Amino acid sequence: MSVLPTAELHLHIEGTLEPELIFALADRNGIELPYADVEALRLQYRFTDLQSFLDLYYSNMAVLRTERDFADMTRAYLTRAAAAGIRHAEIMMDPQAHLSRGISLATCVNGVASALAHSEEEFGISTELISAFLRDEPAEEALAVLEELLAMNAPIIGIGLDSAEVGHPPSKFTGVFERAHEAGLKCIAHAGEEGPPEYIWEALDVLKVSRIDHGIRCMEDEELVERLAAEQTPLTVCPFSNVRLRAVDTLADHPLPRMLERGLNVSVNSDDPAYFGGYVDDNFAELRPLFGLTDNQLRQLAENSVRSAFVTDARRRELLAEIAAWHSGR
Ligand code: ADE
Ligand code: ZN
């Protein structure tokens, strides 16, 4: 069975650090990890909520020291993503999580960007880079990092907002997003993952984002669902992530089918695939039989990702043609 060609719009590059690579990078950099081996590290991958995951996610980043480390992590993702059917990827990174450890912006940005620069020729995957800001840190810090990214002419297409959601509403970052819009950057934000539907309203109306990451809690607000459906706002949904972080009880309880039924513009993404049990193809492999997704519905999900991507019209047409070819070959 041929793999569904799709775009991945919700991926944190630091969330692709597989345990084996964490150990290899620790070894290379002379860092002692607080785990005996890969298996002992894997045993930590049981989360009770978003924060319990974030604690491990940030702590594992200690192994990323050099440009080469960031490039190796990125290439490992691209290799796996190619097998998963990813044909275009919009990749978030968390610069503040590296700056706070004494790693320069140039090291992390150039490391990831150097691998992305060869992605089309090496993997056939077109890519874009997005700088995400940590919403549980002060907005002033995010603004300072944004200014530094702009000053160094960093190869980013946009900005996002991630990390611990509850208690950190989008409106806290109004000034940062105003500056990003002014600089011509695309704007996206995590909202409605653990946080309430009000955060989705704010991300749309205050931050004026063009995409919502997750957004699953929109289903609690009928007026919001109607608006998102009418405006076809992209919602980059991550089913495995929502189960692992206990935003939903089980995959069978995931709102994805109901979101599709309501005509929402949803796509399937992996978020932090090394931590949540798999990549986009793994998500589809479980979702398909569980919800009895038809080929038409799979096509719809892939087309949604492509029409929501920050690509040229020409690239969008190419990607849609690949999806159509997949469909006609079924
Ligand atoms: N950073 C990495 N993954 C995240 C997620 N699922 N939600 C918020 N911040 C994140
Ligand atoms: Zn995310």
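Refer to the structure above for everything that follows.
Think of each chain on its own: its residues are numbered from 1, step by step along the sequence as written. Lettering for chains starts from A, numbering for ligands starts from 1, and both go in the order in which the items are written. Predicted model: local features are reported for residues with pLDDT of at least 70 only, side-chain atom pairs are reported and counted for 80 or more only, and whole-chain, interface and lining totals are derived from all residues. To obtain the side-chain values, all non-hydrogen atoms of the structure were included, while hydrogens and water were left out.

(A) Focus on the overall build of the chain. Counting from the N terminus, the helices are the DSSP runs of H or I reaching at least four residues and the strands are the DSSP runs of E reaching at least two. Secondary structure summary: the chain contains 17 helices and eight strands in total. Computed over its C-alpha atoms, the radius of gyration of the chain comes to 19 Å, within 12% of the 20 Å expected for a compact globule of 330 residues. Based on the C-alpha atoms only, the size of the chain along its principal axes is roughly 50 × 45 × 40 Å. Buried positions account for 56% of the 330 residues belonging to the chain. At a minimum sequence separation of 6, the contacts of the chain that also span at least 24 residues come to 76%. In the structure as shown, the chain presents an accessible area of about 12700 Å², 49% of it carried by carbon and sulfur atoms. Charge assignment in this entry is limited to Lys and Arg as positive and Asp and Glu as negative, and neither His nor the chain termini are counted. Here the site of a charge means atom NZ of a Lys, CZ of an Arg, CG of an Asp or CD of a Glu. Taking the average location of the 28 positive side-chain charges in the chain and that of its 54 negative ones, the two points are 4 Å from each other. The globule rule is 2.2 Å times the number of residues to the power 0.38, and the radius of gyration it is compared with is taken over C-alpha atoms. To sort residues, take the accessible area from a 1.4 Å probe on protein chains only and compare it with the maximum for the residue type: under 20% means buried, over 50% means exposed, and anything in between is partly exposed. Contacts: residue pairs with any heavy atoms within 4.5 Å of one another. A 1.4 Å probe and the Shrake-Rupley method give the accessible areas. Residues count as covered only by the protein chains that appear here.

(B) The arrangement of the pairing of strand β4 (residues 158-162) in detail. Across the five residues that make up β4, a large majority, five, are buried. For two strands to count as paired, DSSP must find a minimum of two bridges between them. In this sheet, β4 lies alongside strand β3 (residues 126-134) in parallel orientation, the contact comprising five bridges. Bridging across to β4, I130 finds its partner in G158. With strands facing away from the observer, any crossover in which the path from the first strand over the helix to the second runs clockwise is taken as right-handed. Tracing the backbone out of β3, into helix α8 (residues 139-151) and back to the parallel element β4 gives a crossover that is right-handed. For β4 and strand β5 (residues 186-191), the ladder comprises two bridges, and the chain directions are parallel. When the bridges of β5 are listed, G158 appears paired with K186. Handedness of the crossover joining β4 and β5 through helix α9 (residues 174-182): right-handed.

(C) Main features of the sheet that holds β4. Here we have eight strands laid out as an open sheet, ordered β1-β2-β3-β4-β5-β6-β7-β8, and parallel in their pairing. Here the strands that pair on one side only, and so sit at the sheet edges, are β1 (6-12) and β8 (265-268). For this sheet, the mean angle separating the axes of adjacent strands, direction not counted, is 25°. Packing against the sheet, α8 makes contact with β3 and β4, and its axis sits at approximately 145° to β3. Between the N-to-C directions of two axes lies an angle of 0 to 180 degrees, each axis being a line fitted to C-alpha atoms and, for a helix, fitted only over the stretch in contact. Strands β1 and β8 of the sheet are contacted by helix α16 (residues 295-307), whose axis makes an angle of about 100° with β8.

(D) Structural view of the coordination of the zinc ion (ligand 2). Coordination of the zinc ion (ligand 2) by the protein involves H10 (NE2), H12 (NE2), H190 (NE2) and D271 (OD), with metal-donor separations of 2.0 to 2.2 Å. Because water is not among the atoms used, a metal site may look incomplete, as its donors are only the N, O and S atoms within 2.8 Å, or 3.2 Å for Na, K and Ca. When four donors show all angles between 85 and 135 degrees the site is tetrahedral, when four or six donors have opposite pairs over 155 degrees and all other angles between 65 and 115 it is square planar or octahedral respectively, and in every other case it is irregular. One can describe the site at the zinc ion (ligand 2) as irregular: its four donor atoms subtend angles covering 83 to 174° at the metal. Here the donor residues of the zinc ion (ligand 2) are spaced in sequence according to H-x1-H-x177-H-x80-D. H12 carries the same exposure label as H10, and that label is buried.

(E) Region of interest: empty space enclosed by the protein. Lining residues are defined by having an atom within 4 Å of a point belonging to a cavity or pocket. Those points lie on a 1 Å grid over the protein atoms alone, cavities being sets where a 1.4 Å probe fits but cannot get out and pockets being open sets with protein on both sides within 12 Å along at least five of seven lines. Grid points are joined across faces, edges and corners, and a volume is the space filled by probe spheres set on the points. The tally for this structure, following the rule as stated, stands at one cavity of 30 Å³ or more. Reported here for the largest cavity is a volume of approximately 90 Å³. What lines the largest cavity is a set of 15 residues, and nearest its centre among them are H12, F53, L54, H190 and D272. Among the elements that make up the lining of the largest cavity, the one with the highest residue count is helix α3 (residues 50-60) (four residues). Gly is placed with the polar residues, together with every amino acid not listed as nonpolar (Ala, Val, Leu, Ile, Met, Phe, Trp, Tyr, Cys and Pro) or charged (Asp, Glu, Lys and Arg). Residues belonging to the lining of the largest cavity are distributed by class as follows: six nonpolar, four polar and five charged.

(F) Fine view of the side chain of H214. Mapped onto the elements, H214 comes out in strand β6 (residues 211-214). The class for H214 is buried, based on a relative accessible area of 0%. Under the rule applied, a polar contact is a pair of N or O atoms within 3.5 Å (in protein, one hydrogen donor and one hydrogen acceptor; residues adjacent in sequence only if both atoms are side-chain atoms). Of the polar contacts made by the side chain of H214, one reaches the side chain of D271; its length is 3.3 Å. Ignoring any residue separated from it by four or fewer positions in sequence, one finds H214 in contact with H10, H190, A191, G192, E193, L235, T236, V237, C238, S241, N242 and D271.

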